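# Survey of secondary and tertiary structure
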Amino acid sequence: MNLTQLNYFREVVQKGSFTKAANALFISQSTLSKSIRALEEEFKVILINRGAKEFEITKEGDILYEYAVRILDYYQHQTQELAERLSRSNNSIRLGIPPTAGAIYFYSIVHKFQRTYPEIDLRIEEEISREIVDKVANGKLDVGVIIEPFEDGRFEKKKVFTSEAVLLVSKQHRLAKKRSVDFNDIRMERILMINSNYMYYDLVKQKCLEAGFLPQFAFESYQWEFIFEMVANDQGVTILPKPLIDKFNNARVHQVHLEKPEFEWSLSVIRRKDKTVTTPMQCFWNICTQ
């Protein structure tokens, strides 16, 4: 039994005639008769009393008709709902933003996008960069924001923001009078760092390795603000994106430019190369590159 057979049977009952039903369905009467016969053979019942002078369905036919109406109505309702959801999906975009990036830069991008395209449904998920990469890869996000450097042949990317990461020390620290220092100057410092689940953790570690030493981070936290407060209270030093520090009360701390190596801090947006670029995705891409 399939939906086509149920639809044919419902039409025969509602029209009260094989001929009228066949005409309404734009099929031959023989095709319609074979479909009804197939149902009768499958369930081993008689659905229509063909010996009656006027069209007449049997008790079993009444049962099947009630079932057919219920199933076909449900199918139609669900199909309409699916079409509406697909239509809404085609006019929406799922964006992944790391918490830090949202605070530093993308709040203005989001505001501009929503003001420019109010008809597009922008759905934002806050995730760490590693999760964003995975979700864009498996299609759970359309576009994601990541921290450079980032190289992955599966994605198209566009750099949208560049600044630097700086050393942050308390006003009482020995380096508080410096304007710039080499990475080697902090080799023996008590470095406080964001949790290792963040891509930024690996970025800082790589910069230290380029300077010739493996950092031993004294403390890790998921909260940038917590690390900032610890530094302000002279419990260690940290390396943070300069725009993030500028959002805090930086009069309590001192920023020091890092050299050897320089520490550029950049954000890019990524999307899968093999995924169809929808209009909302392209609109967001255009806003990011303006």
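To start, this report covers the structure provided alongside it.

### Considerations on the packing of helix α2 (residues 18-25) against helix α3 (residues 29-43)
Two packed helices can be described by the angle between their axes and the distance between those axes. Axis separation between α2 and α3 bottoms out at 9 Å; the angle between their running directions is 110°. Here α3 runs roughly perpendicular to α2, going by the angle between their axes. Across from F18, T19, A21, A22 and L25 in α2, the residues of α3 making contact are Q29, L32, S33 and I36. In the contact of α2 with α3, the residues fall into six nonpolar, three polar and no charged.

### Focus on the pattern of salt bridges
For side chains bearing opposite charge, pairing can occur when the charged atoms are close. Following the criterion strictly, the structure yields 21 salt bridges and no others. The partner of E40 in a salt bridge is R50, and the shortest N-O contact between them spans 3.1 Å. With a gap of 10 residues between them, E40 in helix α3 and R50 in the loop between α3 and α4 (59-90) connect regions that are remote in the sequence. Of the charged contacts, one joins K135 and E125 as a salt bridge, the two residues approaching to 3.1 Å between their closest N and O atoms. In this pair, K135 is assigned in helix α6 (residues 129-137) and E125 in strand β2 (residues 121-126), connecting sequence segments 10 residues apart. Residue class for K135 comes out buried when judged on its relative accessible area of 19%. One network of salt bridges, with partners in common, ties together R37, E40 and R50.

### A short note on helix α8 (residues 224-232)
Along α8, the positions that sit buried rather than exposed are W224, I227, F228, M230, V231 and A232. Looking at the residues trailing α8, positive phi occurs at D234, about 60°.

### Re the layout of surface pockets
Estimates place the volume of the second largest pocket at around 170 Å³. Lining the second largest pocket, in full, are R130, I147, E148, P149, M199, Y200, D202, L203 and Q206. Of all the elements, helix α7 (residues 199-210) adds the most residues to the lining of the second largest pocket, at five residues. Of the residues contributing to the lining of the second largest pocket, the split by class is five nonpolar, one polar and three charged.

### Some details on a nonpolar patch on the surface
On the surface, a nonpolar cluster with roughly 260 Å² of combined accessible area is contributed by M1, F43 and Y67. Here F43 shows up in helix α3. The class for F43 is partly exposed, based on a relative accessible area of 40%.

### Overview of the packing of aromatic side chains
Taken as a whole, this structure holds 11 aromatic pairs when the rule is applied. Aromatic pair F113 and Y117: ring centres 5.3 Å apart, planes at 45°, arrangement tilted. Between Y198 and Y222, the aromatic rings sit 6.2 Å apart at their centres with planes inclined by 55°, giving tilted as the arrangement. Of this pair, Y198 sits in the loop between β6 (191-194) and α7 while Y222 sits in the loop between β7 (219-221) and α8; the two residues are 24 residues apart in sequence, bridging distant segments of the chain. Residue Y198 is classed as buried on the basis of its relative accessible area, which comes to 10%.

### Focus: the environment of F9
Of note, F9 is situated in helix α1 (residues 3-15). Take F9: its relative accessible area is 0%, and that puts it in the buried class. A C-alpha to C-alpha distance of 50 Å links F9 and Q114, two positions 105 residues apart in sequence. For F9, the residues in contact, after removing those within four places along its chain, are I36, L39, L47, I48, G61, L64 and Y65.

### Some thoughts on empty space enclosed by the protein
In this structure the tally under the stated criterion is one cavity of 30 Å³ or more. In this structure, the largest cavity encloses a volume near 70 Å³. Surrounding the largest cavity, P98, T100, A101, S129, I147, Y198, Y200, W224, P241, W265 and L267 form its lining. For the lining of the largest cavity, the secondary structure elements donating two or more residues are α5 (99-116) and β10 (264-272). Looking at side-chain class alone, the lining of the largest cavity contains nine nonpolar, two polar and no charged residues.

### Looking at the pairing of strand β1 (residues 92-97)
Most of β1 is tucked away: five of the six residues are buried. Bridge count for β1 against β2 is six bridges, and the pairing is parallel. For G96, the partnering residue across the bridge sits in β2 and is E125. Pairing between β1 and strand β3 (residues 143-147): two bridges, direction parallel.

### Considering the environment of Q29
Relative to the elements of secondary structure, Q29 occurs in helix α3. Owing to a relative accessible area of 39%, Q29 belongs among the partly exposed residues under this scheme. Distance in space between the C-alpha atoms of Q29 and F18 is 6.5 Å, their sequence separation being 11 residues. Residues within four places of Q29 in sequence aside, it is in contact with F18, T19 and A22. A polar contact is formed between the side chain of Q29 and the side chain of T19, at a distance of 3.1 Å.

What counts and how
- Residues numbered from 1 in each chain as written.
- Predicted model: local features only at pLDDT ≥ 70, side-chain atom pairs only at ≥ 80, totals over all residues.
- Heavy atoms only, no water.
- Axes fitted to C-alpha atoms, helices over the stretch in contact; angles between N-to-C directions.
- Helix = DSSP H or I, 4+ residues; strand = E, 2+ residues; numbered from the N terminus.
- Parallel < 35°, antiparallel > 145°, perpendicular 65-115°, else oblique.
- Contact = heavy atoms within 4.5 Å.
- Nonpolar A, V, L, I, M, F, W, Y, C, P; charged D, E, K, R; others polar.
- Salt bridge = Lys/Arg side-chain N within 4 Å of Asp/Glu carboxyl O.
- Buried < 20%, exposed > 50% of the residue type's maximum accessible area, 1.4 Å probe, protein only.
- 1 Å grid on protein atoms, 1.4 Å probe; cavity = no way out; pocket = protein on both sides within 12 Å on 5 of 7 lines; lining within 4 Å.
- Points joined across faces, edges and corners; volume = space filled by probe spheres on them.
- Patch = residues over 30% accessible without salt bridge, like charges linked within 9 Å, V, L, I, M, F, W, Y side chains within 5 Å.
- Areas by Shrake-Rupley, 256 points an atom, 1.4 Å probe, with all protein chains shown as cover.
- Phe/Tyr/Trp six-rings, centres within 6.5 Å; stacked < 30°, edge-to-face > 60°.
- Pairing = 2+ DSSP bridges.
- Polar contact = N/O pair within 3.5 Å; in protein donor to acceptor, adjacent residues only side chain to side chain.

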